[in-house]
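# Structural overview for review
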Amino acid sequence: MDSLVLYIAVGAILKMPNLSSGITYNVEVKENSSFSCYTEPLDDASPKPKVIKLYLGSQNLKISCHLYNVNQEDTLENRKKLLLRYTSSGLAPSIQIFNSTYSGIFYFRMKLEESQSTWTIDIPRRNITYNTDIAPIEEWFVRFTMHHRLNMFTTEGTLLDIFREPLLQWHLGKPIGSTEIGVLIPDVINITVSKCPCANDVAVIALICNDTVHGIYLGVTNSGFISRDTKWFNMTDSLCSLLDDDCAGLSLVNIILTNNHLIILTTLGLFISQDLRYPTGRILNFTKPSFCGFERDDYFSANVWYNVQCLANAESYEVDYISLSFNKDKTLSQVSTCFYSNDPYTEWYSCLPHKFHGGKTLSRRVVAFLIDYQQNTGIGLITVQNKEMVSVYKLTDHKLNRKTKFPVFWFPDPKFLPFGMFFHPGSHFLYIYGSQVWFSDDGGNTFMLLITLENEIIIKTNMCVYSHSIAFVTDKGNIFFTKAGFERYAKLTTSAHDVFNLYYDHLGSLNIISLNESVSDSLEIHLLDVITLIQEDDIGFDGPLSPQYITEQQMVFFEHIPLNGKSRSIKKSRFYGLHKGKVLQYRPSGSATIVNVFHHEYPPQYLSSVIVDVLERFPFESKDKSFFMDNTLSILKVSNTTRVKLQLVSEYYNRSVKVVSSRLNVFKPSDIEKTVVIPGFSSFLIVEILDGLNALADATMPERVPFNKNFSSGMWFVYDFGTKNGRKWKIIVDTCRYWVRELDNLPLNAIKYLDLTQTFNFGFRVTPVNLAYPIFHMPLMKLVVGNPSLFKVKTNDYWDDTDSYTMEFSVTNNFYKQGKSSIAVILTKASLVCGVSTIVLTLKSGCSYSKSMHYISPVSISAQSWLHGDPKDPYGFKLLKQLPVNYRPPSKLGIAVPLTDNFYNADPSKPRMRDYFAGSKNSGAYKQCANKSTRAECNCDDNKKLSFFVAFSDCKEKALRMKYPVTRLPIHFRVDRENEYTPLASPFFVTVTEVNHRTNWEVAGMDRGFAEQFFLITDKTRNKCTNETPSMLKMRAYLADKLNITLYNPEALTLNIYGSELFHFRVAIIPGVSFCNLLDEFQIYVDDAPLAFPGQYLVSTTTAVLVGGIIFVIFMMQMYEINIWNKVKSKVRKKNKVSVSETSATVTSTSF
């Protein structure tokens, strides 16, 4: 136990940097244990899944987890031991559930039972999400750790809301079994896979068959194909019904899954499903748009294109587009050969560009067409007269403008054969692929060459949003890999399958999917270990390299024409773009990162060169291996050739050179392809041995050759980067040498909403590790803004005292224009094996769903007191007023004549209050209690009872009570967003209305005396107390006609109420200062009010008349000496005597 405590303490100390703000990535931590978690009830003895895939249904999320040692067998006994060990130490797992906009942390129960082998947790669904509608929703990421913030045994997985995911609510067609799929496998020529844009573990796989098989066969998974639960459907009948049952030749071409629709391209046309958000319980129906003039062969060569975007929490300007390109010349019977449309895909537009070159008829074929959602443009990849170009057009009301936004980009290589185009999801990196790969980070204005292939062409791609990885597949089965925004790539492997496809799951695991009839769902899934494949691949070649020092930290390696073996005939450079960013590693030690590749014809005999940054110094040859290093070296010219002669010299005699050397310290045949390096001068690659004292060499820098100079032993060195003695160097992908720290605790794919005038600040820090030399004054990050015209971005970068490079930038929304833009932070020098090398933030110009405005009550009352208590102030005054049943506030006609439609504390089973007059009887309508017979049926939960909004007035039982008169009551509001609270202030001017149309109230600015008494007033804010700043007056005058209501500055507002009973106010900001419709409501019940007009005056007048009358009568009685009091007393006495005599008589008669 003591060792466990020590381990935990040491682990916490080692991970102490993560306890501060921010998250550090790329830190390699090797742990021997990991979590296995699942939501399905599994037998204790059964094997547990190592990949965490959790599912959220309509009920609570129940998770079971156990810890296992990765180096031991995962048995029940080992699980119990580990659970006992950590639980007895006071540790239990925690789970973080997060996506681009949400993050929550939950803790497992810490308990021990006799047969317990797992930790468990039960999370109510409402604690994760309140929504239950069918709609696109982001699949969550989950991160399990042993005790939150210790970061022990961190294990990641996914959480899918299967209750809301649209595709999972449907039957796509007639269900079929794996046996029927197995029969089709011999005739399958291709596989296509399409993922749900928001939940990549939900995917559709479709089979493309040869001419002998007709029909459409699809499979659906919700686990990224790893659970062997793929459901297969035959959709042939569903589509044939739209073709009048004439389905001859019906085959699949491609399939696309958008946010709301399933798009199927077949040889007989394009089919679009009904909206997936509205399940009917029946088989999914389709519609077929009509494109006149196209035959089956045209559709066979056509393709459908879609720019993937997740529309969870979609804004009004966000919509999906798809396009259909036929890649052929337009004929007279065809309107166009390229069409595009937006959801719901009922109206189609032409994406064939207008004619070029003064209206001449030229061959124009649209290879691919995409909509750029960030810059709102249409981008076409077009072939014109066998030349390839990219044309970008602005989009206005879903239609393309005639003029291009940027100058047309023509690809310089005439041999380039394009195949397709895509945007990396979530970012603004545009890739065009075929026999080459080009990418653009500015929306198609400029392009950079990434990959050049020979005798093969890229035909498939797959991308991952989470890891920003991209995989390319060629027609020969070669698989290449890169990261979004990177200018380098690597070859992963060559697939052993003829029919296969790649698939990235939601967590970023790359899988090869192929068919296998012996598997339960007919699919064989092979996980590719990307890091291992990259690091094992040596892309070096058999050819000599000659090093040339530029500085101690930077070198140039020149590729020489091969001198021996089969490579002698090669005259073409073998350094190309693939080598960029890789590491040239020497055996036994020494390495350098290839920074750039150059092809050139000078110096002679050298085909190309690469610039490298030294990571670890390369060792030079020892005298035991290169004996000629013991001599003095002289460089001589050789006539009629570009080569130089290296001559060994041992001593001088009277300025004349005497050549003397031991027979052991001379050139030998094994010295060919070695390089002589003289600091400050050119290097020399030995290409031929003339004799023991002379050799021919090629200079790397002919202008820096020190002819006729002697260099004694020790002033020059020898390196062996040749192949004569066996190649000692290789070129591989480097390890990750850069830690990146995100300073704001944001997820890698965070989405932020920017309101008008709002500013967000971001910060990233990169720390180089395991480098031979510091790299100060060199930027290590690059910032790419998808739509620079939407936001104002300011950057600040610097090196700090810890040798770390920090980039800070702020983003401000200065324009009343809605849209979205990605901001990509790229580690320019990071290796491809780095887990995080590209971070993409998405900024939306709009209102965040978490932003709201709240009234600050002058009295703080807890929710419990509102619902069940009767709070009082220190003087015993009751703070809450219990509203009568079916209460309605008074109108201007009087208390007894309510005219509002709003009921409070509604109960349909009881009579309506003050329902005396026709106006009152004809007004008033229930909301929650509409068409209900009792209050219990109104579903008034605690949230509705606490709400001040008029929409829930039926449930409102209590209101804040104040005593008449209410004067100069301060009104304050705050704006809440993402755990940040700010007071509502200008320019968020507000309007104030009473929802029940009461008029005996007014709002005014706080006067200086009152403000100075209760608030801190400065000279700068003194003029705000009067509510009449110059900007306020201008705004009020400008909007007076449009809003027809008075505007107020929210800073220092006061409220005066002259009436009684309930007042219900709504305060809303004016339009044009925020994308949010910010408003809030509050209620005040004014009690102990005097009689309403004219009651008070009538009572006063009547009292005065009565008092005056009494005084007048008394005065008259005194004047006429009328003693009315004596007369009253005599009458009373006389009456009493009569009563006594009558009583005596009654008693006497009774006695007898």
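The structure under discussion appears in the preceding block.
As the structure is a prediction and not an experimental result, all values here were calculated from the model.

Further remarks concern the overall build of the chain. In terms of helices and strands, the chain carries 13 helices and 71 strands. By sequence separation, contacts in the chain at least 24 residues apart represent 62% of the contacts at least 6 residues apart. For the chain, the accessible area works out to roughly 54,400 Å², and carbon and sulfur atoms hold 53% of it.

Before going further, it helps to spend a moment on the pattern of salt bridges. Applying the stated criterion across every chain yields a total of 43 salt bridges. With a closest N to O distance of 3.9 Å, E621 and K728 form a salt bridge. Here E621 is found in the loop between β43 (606-616) and β44 (632-637), whereas its partner K728 is found in the loop between β52 (717-720) and β53 (729-732), with 107 residues between them in sequence. For E621, a relative accessible area of 6% gives the class buried. On the accessibility criterion, K728 (17% relative accessible area) is buried. Salt-bridge contacts for D915 lead to R912; the nearest nitrogen and oxygen are separated by 3.2 Å. Given a relative accessible area of 23%, D915 falls into the partly exposed group. Connected through shared salt-bridge partners, E621, D671, K674, D720 and K728 make up one network.

One open sheet holds the five strands; their spatial order is β1-β54-β56-β59-β58, and the pairing between them is antiparallel. Of all strands in the sheet, those with a lone pairing partner are β1 (23-25) and β58 (792-799), marking the two edges. Recorded for the sheet is a direction-independent mean angle of 20° between the axes of neighbouring strands. By the bridge criterion, eight bridges tie strand β56 (residues 759-768) to strand β59 (residues 805-812) in an arrangement that is antiparallel. Counted as the bridge partner of V766 is Y805 from β59.

On to the sheet that holds strand β32 (residues 458-463). An order of β32-β33-β34-β35 is seen for the four strands of this open sheet, with the pairing classed as antiparallel. In the strand order of this sheet, the two ends are held by β32 and β35 (490-494), each with one partner. Within the sheet, the average angular offset between the axes of one strand and its neighbour, ignoring direction, is 25°. Where strand β34 (residues 478-483) and β35 come together, four bridges link them in antiparallel fashion. What sits directly across from N478, in β35, is T494.

In the structure shown here, the tally under the stated rule is 62 aromatic pairs. With a centroid separation of 6.2 Å and 65° between ring planes, the pair formed by F409 and W438 is classed as edge-to-face. In this pair, F409 sits in strand β27 (residues 409-410) while W438 sits in strand β30 (residues 436-440), placing the two residues 29 residues apart along the sequence. Comparing F409 with W438, the two get one shared label, buried. Seen from their ring centres, F620 and F717 are 4.9 Å apart, and the 35° between their planes marks the pair as tilted. Highlighted residues: F620 in the loop between β43 and β44 and F717 in strand β52, separated in sequence by 97 residues. By relative accessible area, which is 45% here, F620 ends up partly exposed. Put simply, the rings of Y549, F557, Y586, F618, F620, F717, Y719 and F721 pair up and form one aromatic cluster. Geometry around F760 places K752 over its ring, the cationic atom sitting 5.5 Å from the centre. Positioned over the ring face of F1063 is R998, at 3.8 Å from the centre of the ring.

Moving on, we come to helix α2 (residues 76-87). Taking 1.5 Å as the rise per residue, α2 with twelve residues should run 16 Å; its terminal C-alpha atoms sit 16 Å apart, in good agreement. Taken together, the buried positions of α2 are R79, L82, L83, Y86 and T87. In an axial view of α2, the angular spread of the buried residues amounts to 115°, which keeps them on one side of the axis.

Attention now goes to the state of the cysteines. Throughout the structure, instances matching the rule amount to eight disulfides. At a sulfur-sulfur separation of 2.0 Å, the disulfide partner of C198 is C310. The disulfide joining C198 to C310 has a torsion of about 110° about its S-S bond and is therefore right-handed. On the criterion of sequence distance, the pair formed by C198 in the loop between β11 (188-195) and β12 (203-209) and C310 in the loop between β19 (303-306) and β20 (321-325) is long-range, its members being 112 residues apart. The exposure class assigned to C310 is partly exposed, which follows from its relative accessible area of 25%. Put simply, C847 and C1076 are joined by a disulfide, and their sulfur atoms are 1.9 Å apart. Torsion about the S-S bond of the C847 and C1076 cystine: about 105°, corresponding to right-handed handedness. Placement of the pair is C847 in the loop between β61 (838-845) and β62 (852-856) and C1076 in the loop between β70 (1061-1069) and β71 (1079-1087), with a sequence separation of 229 residues.

Criteria and thresholds
Residues numbered from 1 in each chain as written. Predicted model: local features only at pLDDT ≥ 70, side-chain atom pairs only at ≥ 80, totals over all residues. Heavy atoms only, no water. Helix = DSSP H or I, 4+ residues; strand = E, 2+ residues; numbered from the N terminus. Contact = heavy atoms within 4.5 Å. Areas by Shrake-Rupley, 256 points an atom, 1.4 Å probe, with all protein chains shown as cover. Salt bridge = Lys/Arg side-chain N within 4 Å of Asp/Glu carboxyl O. Buried < 20%, exposed > 50% of the residue type's maximum accessible area, 1.4 Å probe, protein only. Pairing = 2+ DSSP bridges. Axes fitted to C-alpha atoms, helices over the stretch in contact; angles between N-to-C directions. Phe/Tyr/Trp six-rings, centres within 6.5 Å; stacked < 30°, edge-to-face > 60°. Lys NZ or Arg CZ within 6 Å of the ring centre and 35° of its normal. Expected span 1.5 Å × (residues − 1). Arc of directions from axis to C-beta. Disulfide = S-S within 2.5 Å.

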